[in-house]
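# Per-entry structural report
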Amino acid sequence: MNIVIFGETDDIHVNAVAEYLPDDVIIIDDEALTTDISIAADIHGRPDVYLGDLLLKPTSIYWRNLNLYPFGTEDDDEINNKLAAAKLFTQAFADAAWFNPVLPFTQHFTKIDQYRMANTLMPPTLMTNNYERAEAFIAEHSDVAVKPIAGGQYIERITSLDGLPEWVDGQPVCYQKFIVGTNVRTFVIGDEVYTADITTNYDDFRVDEDFIYTPIETSSALRKRALDITKKLGYKWTAIDWIRTEDELYFLEANFSPMFLYFEEQTEFPISQSLANMLV
């Protein structure tokens, strides 16, 4: 068995999973990608990837984080070459089980892709950089959350365009009716499903240093919805964020490579071990 983790060697999530894996697990970080990885490909088969002199033929891969464009310098603007090199790199591991797979990540990179695939109840949503459209959406819903179309920023709650954060800067962003309710997070790992309520007074619980996860029983209806979303997105595991009101459960997003140790610590759900078991 040959298991590879793409992530930093000092990442606590990487090490939490590795603790449950065989001693020969291979961890490849960004530095190794740029200094120790080489690729050889001909027209007759899949590329070979070497870590030093070691030919990598993993049976499974945990993609904690991975620079999709590891070749060339930071100042290299030859994006087509970087894309081609990344394709060679991932093609070499086509026989491995990826957690999560590369293809869904590249295909469903924006939240609108997730919403279309999920096909479930979600707040009214608009993605645009047209301020007239945005202004009309805000006027209709009055209380709106603003977030990037992919990720990388916390949400901002606004009631007019005057409240737009500086990072928007003319780019397309996601406007979504703000739903007042209870934040809920569900982890799906293979067939395992774990759910917790989130206690916070913040609009985005991630900025709250003291938010609390409280484990709850996953209903059969919630389990089915979570498994269906995970399957439709092509994921093997994920953390799904919801908002629950008295009457409805709204889907917000499914995370491609979620952090999980705080969730695991507070709920005692075996996320690290379940992920390791799936890799094995």
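First, a word on what this report is: a plain description of the structure on this page.

Rules of the game
- Residues numbered from 1 in each chain as written.
- Predicted model: local features only at pLDDT ≥ 70, side-chain atom pairs only at ≥ 80, totals over all residues.
- Heavy atoms only, no water.
- Helix = DSSP H or I, 4+ residues; strand = E, 2+ residues; numbered from the N terminus.
- Buried < 20%, exposed > 50% of the residue type's maximum accessible area, 1.4 Å probe, protein only.
- Pairing = 2+ DSSP bridges.
- Arc of directions from axis to C-beta.
- Contact = heavy atoms within 4.5 Å.
- Axes fitted to C-alpha atoms, helices over the stretch in contact; angles between N-to-C directions.
- Phe/Tyr/Trp six-rings, centres within 6.5 Å; stacked < 30°, edge-to-face > 60°.
- Polar contact = N/O pair within 3.5 Å; in protein donor to acceptor, adjacent residues only side chain to side chain.
- Salt bridge = Lys/Arg side-chain N within 4 Å of Asp/Glu carboxyl O.

### A word on unusual backbone geometry
In the segment running from Phe99 into Asn100, the intervening peptide bond is cis, with an omega of 5 degrees. Looking at the element boundaries, Asn100 is found in the loop between strand 7 (97–99) and helix 4 (102–107). The backbone of Asn119 shows a phi angle near 55 degrees, a positive value even though the residue is not glycine. Mapped onto the elements of the fold, Asn119 is located in the loop between helix 5 (111–118) and strand 8 (125–128). A relative accessible area of 60% means that Asn119 is categorised as exposed. At Glu268, a position not held by glycine, the phi torsion is positive, near 65 degrees. Looking at the element boundaries, Glu268 is found in the loop between helix 8 (261–267) and helix 9 (271–279).

### Regarding the sheet that holds strand 3 (residues 37–40)
Pairing within the open sheet is antiparallel, and its three strands lie in the order 3-4-5. Bordering the open sheet on either side are strand 3 and strand 5 (54–55), each of which pairs with just one other strand.

### Side note on helix 5
For helix 5, the set of buried residues is Lys111, Gln114, Tyr115 and Ala118. Down the axis of helix 5, the buried set is contained in an arc of 100 degrees. They therefore lie on one face. Contacts from the buried residues of helix 5 go to strand 8, strand 9 (144–148), strand 11 (173–177), helix 7 (220–232) and strand 16 (249–255). Residue Asn119 follows helix 5 closely and has a positive phi angle near 55 degrees.

### Quick look at the sheet that holds strand 1 (residues 3–6)
Whenever strands of a sheet pair, they do so through backbone hydrogen bonds, lying parallel or antiparallel. On the basis of which strands lie adjacent, the open sheet formed by four strands has the order 2-1-6-7 and parallel pairing. Each edge of the open sheet carries a strand with a single partner, namely strand 2 (26–28) and strand 7. On average, each strand axis in the sheet is tilted by 20 degrees relative to the strand beside it, whichever way the strands run. As paired strands, strand 6 (residues 60–63) and strand 7 are joined by three bridges and run parallel to one another. Along strand 7, the bridge assignment pairs Tyr62 with Phe99.

### Things to note about the packing of aromatic side chains
Considering all chains together, one arrives at 20 aromatic pairs under this definition. Aromatic pair Phe187 and Phe263: ring centres 4.5 Å apart, planes at 50 degrees, arrangement tilted. Placement of Phe187 in strand 12 (residues 182–189) and of Phe263 in helix 8 is noted, with a sequence separation of 76 residues between them. Considered together, Phe187 and Phe263 belong to a single accessibility category, that of buried residues. A ring pair is formed by Phe211 and Tyr262, whose centres lie 5.0 Å apart and whose planes are at 80 degrees; its orientation type is edge-to-face. Placement of Phe211 in the loop between strand 13 (192–199) and strand 14 (212–216) and of Tyr262 in helix 8 is noted, with a sequence separation of 51 residues between them.

### Overview of the side chain of Arg185
Structurally, the position occupied by Arg185 is in strand 12. A polar contact of 2.8 Å, which involves the side chain of Arg185, links it to the side chain of Asp241. When neighbours within four sequence positions are excluded, Arg185 is seen to be in contact with Tyr194, Thr195, Ala196, Ile198, Phe205, Tyr213, Ala239, Ile240, Asp241, Asn255, Met259 and Phe263.

### Here we look at the environment of Gly151
Along the polypeptide, Gly151 turns up in the loop between strand 9 and strand 10 (156–158). For Gly151, a relative accessible area of 41% puts it in the partly exposed group. Sequence separation of Gly151 and Leu279 is 128 residues, and the distance between their C-alpha atoms is 26 Å.

### Brief notes about the side chain of Ser274
For Ser274, the position within the fold is in helix 9. Judged by relative accessible area, Ser274 falls into the buried class, the value being 11%. Engagement of the side chain of Ser274 in a polar contact is seen with the side chain of Tyr194, the distance being 3.0 Å. Those residues in contact with Ser274 that lie beyond four places of it in its chain are Ile189 and Tyr194.

### Quick word on the pattern of salt bridges
Counted under the stated rule, the structure contains nine salt bridges. We note a salt bridge from Asp48 to Lys57, for which the minimum N-O separation is 3.6 Å. Residue class for Asp48 comes out partly exposed when judged on its relative accessible area of 24%. Take Lys57: its relative accessible area is 46%, and that puts it in the partly exposed class. A salt bridge links Arg244 to Asp197, with the shortest nitrogen-to-oxygen separation between them at 2.9 Å. With Arg244 in strand 15 (residues 237–244) and Asp197 in strand 13, this pair connects stretches of sequence that are 47 residues apart. We classify Arg244 as partly exposed; its relative accessible area is 30%. Overall, Asp197 belongs to the buried group, its relative accessible area being 16%. Each of Asp143, Arg157 and Asp203 takes part in salt bridges that share partners, so that together they form one network.

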